[in-house]
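Read off the chains here:
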Amino acid sequence: MYKHILVPTDGSKLSAKAIRTAARLAQSFEASLTGVYVIPPYVPPVYGEAVIYVPEVTPKRYKEITAREAKKALAVVEVEAQTAGVECKTAAVTADQAWKGIIRTAQSKGCDLIVMASHGRRGLSGLLLGSETTKVLTHSKTPVLVCR
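## Describing unusual backbone geometry
Point 1. The phi dihedral of Glu30 falls on the positive side, at around 55 degrees, and the residue is not glycine.
Point 2. The topology assignment puts Glu30 in the loop between α1 (13–29) and β2 (32–39).
Point 3. For Glu30, a relative accessible area of 71% gives the class exposed.

## Concerning the nonpolar core
As a rule of thumb, nonpolar side chains are buried together in soluble globular proteins.
Point 1. Of all hydrophobic cores here, the largest spans 19 residues; its most connected members are Ile5, Val7, Leu33 and Val115.
Point 2. Elements with a contribution of two residues or more to this core: β1 (4–8), α1, α2 (59–84) and β4 (113–117).
Point 3. Per element, the largest residue contribution to this core is six residues, and it comes from α1.
Point 4. Ignoring sequence-local partners within four residues, the contact set of Val7 consists of Ala18, Ile19, Ala22, Leu33, Thr34, Gly35, Val36, Val77 and Val115.
Point 5. Ranked by size, the runner-up nonpolar core spans 14 residues in total, among them Val36, Trp99, Cys111 and Ile114.

## Quick look at the packing of helix α3 (residues 98–109) against helix α5 (residues 132–139)
Point 1. Following both chains from N to C, one finds α3 and α5 inclined at 45 degrees, their axes separated by 9 Å at the closest point. Relative to α5, the element α3 lies oblique. Seen from above, α3 lies across α5 with right-handed handedness. Residue-level contacts link Ala98, Trp99, Ile102 and Ile103 of α3 to Glu132, Lys135, Val136 and His139 of α5.
Point 2. Its residues assigned to classes, the contact of α3 with α5 comprises five nonpolar, one polar and two charged.

## Side note on the side chain of Thr105
Point 1. Relative to the assigned elements, Thr105 resides in helix α3.
Point 2. Using a relative accessible area of 3% as the deciding quantity, one classes Thr105 as buried.
Point 3. Every residue in contact with Thr105, bar those within four places of it in the chain, is listed here: Leu6, Val36 and Val93.

## Digging into α3
Point 1. With 12 residues, α3 extends 16 Å from end C-alpha to end C-alpha; this agrees with the ideal 16 Å at 1.5 Å per step.
Point 2. Every buried residue of α3 is accounted for by Trp99, Gly101, Ile102, Ile103, Thr105 and Ala106.
Point 3. Buried residues along α3 sit against β1, β2, β3 (88–94), β4 and α5.
Point 4. Where α3 ends, the next residue or the one after it, Gly110, has phi of about 70 degrees, a positive value.

## Regarding the pairing of β1
Point 1. With five of its five residues buried, β1 lies for the most part within the structure.
Point 2. Residues of β1 alternate between two faces, with His4, Leu6 and Pro8 on one and Ile5 and Val7 on the opposite face, all of them buried.
Point 3. By the bridge criterion, five bridges tie β1 to β2 in an arrangement that is parallel. Across the sheet, Leu6 pairs through a bridge with Thr34, a residue of β2.
Point 4. With α1 bridging β1 and the parallel β2, this β-α-β connection has right-handed handedness.
Point 5. Two strands pair when backbone bridges link them, and β1 and β4 are joined in this way by two bridges, in the parallel orientation. Paired with Leu6 across the strands is Ile114, a residue of β4.

Procedures and definitions
- Residues numbered from 1 in each chain as written.
- Predicted model: local features only at pLDDT ≥ 70, side-chain atom pairs only at ≥ 80, totals over all residues.
- Heavy atoms only, no water.
- Helix = DSSP H or I, 4+ residues; strand = E, 2+ residues; numbered from the N terminus.
- Buried < 20%, exposed > 50% of the residue type's maximum accessible area, 1.4 Å probe, protein only.
- Core = buried A, V, L, I, M, F, W, Y, C linked by side-chain atoms within 4.5 Å.
- Contact = heavy atoms within 4.5 Å.
- Axes fitted to C-alpha atoms, helices over the stretch in contact; angles between N-to-C directions.
- Parallel < 35°, antiparallel > 145°, perpendicular 65-115°, else oblique.
- Left-handed = near helix turned anticlockwise from the far one by under 90°.
- Nonpolar A, V, L, I, M, F, W, Y, C, P; charged D, E, K, R; others polar.
- Expected span 1.5 Å × (residues − 1).
- Pairing = 2+ DSSP bridges.
- Right-handed = clockwise from strand over helix to strand, strands pointing away.

These figures come from the coordinates and say nothing about function on their own.
Written out as structure tokens, the structure reads:
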């Protein structure tokens, strides 16, 4: 049925649950698995009149920090895939909005299913914080399985 499953991760415990689910699905469908970690682009700090001093993170340092976090989060995908005995690739992509990076990766890698976690925020908190999962569901042409 599915041959290539994409699983986005942010390194949280909730995304680890989606990773386990994606690995099991890949195993049962004999599909390959791709893990993706979306990195926001570097934005230099902007200082105003009433600014609290925060040490500046240089673009080079930002790249090092985000690469380390991506590697750590994607390692969980690799371990789960190895445990399930499925082929696995990983990617760290840069995007202004995580949902756009997820959809773009699914399209570019030829994925036919996205398995992702949802925090399950509803009402005002869901409206204020937004939901990457909801945005992926709304904009993706690729089927999405949501894990809670």
